[in-house]
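What the coordinates show
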Amino acid sequence: MKKIVALLLCISMCLSMLCVSAFAEDVPSVAIVVAGGLGDRSFYDSANEGLEELASKYGAVTKVIECKENGSMYLTGLADAAEACDIVFAVGWQFVQALPEAAEGYPDTKFVWIDNALEGDGMANVMSVVYAQNQGSFLVGYIAGKLSKTGVVGAVGGQDSATINDFMVGYEAGAKYANPDIKVDTRYANGFEDPASGKECALALYDAGCDIVFAVAGKTGEGVFEAAKDTGNYAIGVDSDQKYINPDVIICSMVKEVGKSVVDIVENLDERFQPATIWTADMATGYIDVGYGDDTMTQQVSDELKAEVKALQEKIISGEITVPTALN
């Protein structure tokens, strides 16, 4: 029996090595260009984790360009990345004007737009990935609606945009699914790189009676977590499982697997890269979920409530529940 197990393990390892070595014969170089900056422990860092996995697993040559929300850098950042790499991931909805120009200027480069969409004949070297963040936001909104003691919950968005509002409408729908009488208050900060602004918005929400606030604001959201701690209230993280940042105040996170998307597209390039198309990463694909940290962390969400959330997740996947969206 031991010999059989050892043989199976050996075969598995050999197959794994063959897959890696076959890919490694012509490993594409990969860049990510982020509209903001790394260090948000959320959306942009998730994309970078995918890039780092490609480098460590396959030895891929990689490049990161941070635009720091400077609009004048969007086109130059994409161009610099295209000069250096075979595949460029434009990470952020903000590349709406720069990406078509960059794609036209570098027709031999494969561009993947994360979090927004371009399609049509003019996009022969661009594919888009949009996420059903409204679905995941519905689930964390349901949790907020169930746990709120005041009957008022809030959300802080980095900007008033269609992508951010897609989180908001899902969150509100979920909260009202849990409690039809609940009130949902929303504020917008001045960007995704300003924790002080996030804290100011969150403090205003907590002062207005909210006891749970959803941070949909990248690095700005860290200010929401600080405000929750200072006022003895709760917060919800976004894009990555952020509970580890402060397990005592972050009750859960709406997880959007951007890094996994980056890896999956590059690993399965022939299948995944479909120019002039939009790939919708919804809950059924496994790219949208709820994170609760790990068992060593304080758990404000009971096992019973987690089971309810799981049941709602299955209803969304089956189509029994249709979550509203702010996207066309």
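Since this is a predicted model, take the numbers as computed values, not measurements.

Each helix and strand in the protein chain was counted, giving 11 helices and 12 strands. Computed over the C-alpha atoms, the radius of gyration of the protein chain is 21 Å, within 12% of the 20 Å expected from 2.2 N^0.38 for a compact globule of 328 residues. Across its three principal axes, the protein chain shows a C-alpha extent of roughly 65 × 60 × 35 Å. Burial analysis of the protein chain (328 residues in total) assigns 51% to the buried set. Within the protein chain, contacts between residues at least 6 apart in sequence are counted, and of these 68% link residues at least 24 apart.

Two elements in contact, helix H5 (residues 133-147) and helix H11 (residues 303-318), have axes whose closest approach is 10 Å; the angle formed by their N-to-C orientations is 150°. Classified by chirality, the crossing of H11 by H5 is right-handed. Contact residues: Gln135, Phe138, Leu139, Tyr142, Ile143, Lys146 and Leu147 in H5; Leu305, Glu308, Val309, Leu312, Gln313 and Ile316 in H11. Considering only residue class, the contact of H5 with H11 consists of nine nonpolar, two polar and two charged.

Chain-level statistics for the protein chain give a pLDDT mean of 92 and a share of 91% at 70 or above. pLDDT under 50 marks residues 1-22. Its contacts with residues more than four places away, or in other chains, come to two contacts.

Here we take up the sheet that holds strand S9 (residues 234-239). Spatially, the six strands line up as an open sheet ordered S7-S6-S8-S9-S10-S12, and their pairing is mixed. Lying at the two open borders of the sheet, with one neighbouring strand each, are strand S7 (183-188) and strand S12 (288-291). Strand-to-strand twist in this sheet, taken as the mean axis angle between neighbours without regard to direction, amounts to 20°. The sheet contact formed by strand S6 (residues 152-157) and S7 spans six bridges and is parallel.

Below, the discussion takes up the nonpolar core. The biggest cluster of nonpolar side chains holds 86 residues, and the ones touching the most others in it are Phe89, Phe95 and Phe214. For Phe89, the residues in contact, after removing those within four places along its chain, are Val30, Ala31, Ile32, Val33, Val112, Ile114, Val262, Ile265 and Val266. If you look at the next biggest cluster of nonpolar residues, it comprises 17 residues, including Ala189, Ala202, Leu205 and Ala215.

On to the packing of helix H3 (residues 72-84) against helix H4 (residues 98-105), then. It is at 9 Å that the axes of H3 and H4 come closest, and there the two elements cross at 30°. The angle between the axes of H3 and H4 places the two elements in the roughly parallel class. Where H3 crosses over H4, the handedness of that crossing is right-handed. Residues Tyr74, Leu75 and Leu78 of H3 form the contact with H4, whose participating residues are Ala98, Leu99, Glu101 and Ala102. Its residues assigned to classes, the contact of H3 with H4 comprises six nonpolar, no polar and one charged.

Okay, a negative patch on the surface next. Judged by side-chain charge, Asp294, Asp295, Asp303, Glu304 and Glu308 come together as a negatively charged surface patch. Structurally, Asp295 can be placed in the loop between S12 and H11.

Turning to the environment of Asn190, a few remarks are in order. With respect to the helices, strands and loops of the structure, Asn190 is situated in the loop between S7 and helix H7 (195-207). Every residue in contact with Asn190, bar those within four places of it in the chain, is listed here: Gly158 and Ser197. Within the structure, Asn190 has its side chain in polar contact with the side chain of Asp194 (distance 3.5 Å). A distance of 3.5 Å separates polar atoms of two side chains, one belonging to Asn190 and the other to Ser197.

With that settled, the discussion passes to the sheet that holds strand S1 (residues 30-34). Backbone-to-backbone hydrogen bonds join strands into a sheet, with any given pair of strands oriented parallel or antiparallel. If you walk across this open sheet you meet the six strands as S2-S1-S3-S4-S5-S11, and the pairing is parallel. The open sheet has two edge strands, strand S2 (62-66) and strand S11 (278-281), and neither has a second partner. Neighbour to neighbour, the strand axes of the sheet diverge by 20° on average, direction disregarded. Pairing of strand S4 (residues 110-114) with strand S5 (residues 126-131) involves four bridges; the strand directions are parallel. Its bridge partner lying in S5, Phe111 is registered against Val126. Lying on the sheet, H4 is in contact with strand S3 (87-91), S4 and S5; it crosses S4 at an angle near 170°.

Okay, the packing of aromatic side chains next. For the structure on display, the rule yields seven aromatic pairs. Look at Phe43 and Tyr44: their rings are 5.2 Å apart centre to centre, the planes differ by 55°, and that puts the pair in the tilted class. A network of ring pairs unites the aromatic residues Phe138, Tyr142 and Tyr177 as a single cluster. Against the face of Phe273 rests Lys110, its NZ or CZ located 5.9 Å from the ring centre. Across the ring face of Tyr292, the terminal group of Lys306 is positioned such that the distance to the ring centre comes to 4.7 Å.

The subject of this paragraph is H4. Within H4 the residues assigned to the buried category are Ala98, Leu99, Ala102 and Ala103. For H4, the buried positions fall inside an angular range of 125° around the axis, keeping them on one side. Structural note: H4 exposes Glu104 and Gly105 on the side pointing more than 90 degrees away from its buried face. Each element contacted by the buried residues of H4 is listed here: H3, S3, S4 and S5.

Definitions and cut-offs
- Residues numbered from 1 in each chain as written.
- Predicted model: local features only at pLDDT ≥ 70, side-chain atom pairs only at ≥ 80, totals over all residues.
- Heavy atoms only, no water.
- Helix = DSSP H or I, 4+ residues; strand = E, 2+ residues; numbered from the N terminus.
- Rg over C-alpha atoms; globule rule 2.2 N^0.38 Å.
- Buried < 20%, exposed > 50% of the residue type's maximum accessible area, 1.4 Å probe, protein only.
- Contact = heavy atoms within 4.5 Å.
- Axes fitted to C-alpha atoms, helices over the stretch in contact; angles between N-to-C directions.
- Left-handed = near helix turned anticlockwise from the far one by under 90°.
- Nonpolar A, V, L, I, M, F, W, Y, C, P; charged D, E, K, R; others polar.
- pLDDT = per-residue confidence, 0-100.
- Pairing = 2+ DSSP bridges.
- Core = buried A, V, L, I, M, F, W, Y, C linked by side-chain atoms within 4.5 Å.
- Parallel < 35°, antiparallel > 145°, perpendicular 65-115°, else oblique.
- Patch = residues over 30% accessible without salt bridge, like charges linked within 9 Å, V, L, I, M, F, W, Y side chains within 5 Å.
- Areas by Shrake-Rupley, 256 points an atom, 1.4 Å probe, with all protein chains shown as cover.
- Salt bridge = Lys/Arg side-chain N within 4 Å of Asp/Glu carboxyl O.
- Lys, Arg positive; Asp, Glu negative; His and termini not counted.
- Charge placed at Lys NZ, Arg CZ, Asp CG, Glu CD.
- Polar contact = N/O pair within 3.5 Å; in protein donor to acceptor, adjacent residues only side chain to side chain.
- Phe/Tyr/Trp six-rings, centres within 6.5 Å; stacked < 30°, edge-to-face > 60°.
- Lys NZ or Arg CZ within 6 Å of the ring centre and 35° of its normal.
- Arc of directions from axis to C-beta.

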